[in-house]
Amino acid sequence: MDVAPRVNFELLQRYIERKVRLIGQVENLQNNMLKIKAADGGHVNVLVKPGAGFDSPYVEVEGIVESPNTIRELDHTNIGSTFDLSLYNEMHTDRCSGVHKQGQLDLDSLCSPARHGEALIMDSKNLPHF
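In this text the structure is predicted, and so the values were computed from the model without any measurement.

What counts and what doesn't
Residues numbered from 1 in each chain as written. Predicted model: local features only at pLDDT ≥ 70, side-chain atom pairs only at ≥ 80, totals over all residues. Heavy atoms only, no water. Helix = DSSP H or I, 4+ residues; strand = E, 2+ residues; numbered from the N terminus. Buried < 20%, exposed > 50% of the residue type's maximum accessible area, 1.4 Å probe, protein only. Contact = heavy atoms within 4.5 Å. Salt bridge = Lys/Arg side-chain N within 4 Å of Asp/Glu carboxyl O. Core = buried A, V, L, I, M, F, W, Y, C linked by side-chain atoms within 4.5 Å.

A. Spatial organisation of the environment of proline 57. Among the secondary structure elements, proline 57 is positioned in the loop between β4 (43-47) and β5 (58-67). You can call proline 57 partly exposed: its relative accessible area is 34%. For the pair proline 57 and isoleucine 79, spaced 22 residues apart in sequence, the C-alpha to C-alpha distance is 7.9 Å. Those residues in contact with proline 57 that sit more than four places away from it in its chain are Gly24, Gln25, Val26, Gly80 and Ser81.

B. Quick peek at the pattern of salt bridges. The full count for this structure, using the stated rule, is 5 salt bridges. A salt bridge links glutamate 62 to lysine 19, with the nearest nitrogen and oxygen atoms 3.1 Å apart. Placement of glutamate 62 in strand β5 and of lysine 19 in strand β2 (residues 19-30) is noted, with a sequence separation of 43 residues between them. Take glutamate 62 and lysine 19: they sit in the same class, and that class is buried. The partner of arginine 72 in a salt bridge is glutamate 66, and the shortest N-O contact between them spans 2.8 Å. Under the relative-accessibility criterion, glutamate 66 is labelled partly exposed at 39%.

C. Geometry of the nonpolar core. In terms of nonpolar packing, the biggest core is built from 17 residues, with Ile36, Val44 and Ile71 touching the most fellow members. Of all the elements in the fold, those that place two or more residues in this core are α1 (9-12), β2, β3 (33-38), β4 and β5. Setting aside residues up to four positions removed in sequence, valine 44 forms contacts with Phe9, Leu12, Leu22, Leu34, Lys35, Ile36, Ala38, Asn69 and Ile71. In this structure, Ala39, Tyr58, Leu85 and Tyr88 belong to the second largest nonpolar core, which totals 5 residues.

Below is the structure:
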């Protein structure tokens, strides 16, 4: 399995020359350079594939980290127009901070997204009853 941990801007520098996933808000697309605001507020340049269609304000980019603020796109997913970056960053920080600090590749899968076509869902029978 090819692991691509989810990162924010702060974590990019730890993954130079490795595959990652980054969720952010599209700010600008010119030629083959996409600028996005990551969930933690940092700005990331994405070298996009020719002809890539970014059709929503929020995207998840999968790619190789070229430098502390640049990713070379391998693939992306448009994730719509209503996405709470600050809530996502809070969830990511709470769930994954220890994993990234340990730097263990086998633990990175804990912070990896569901594969295309799969969803992370919460079963209603596991919700608290009041």
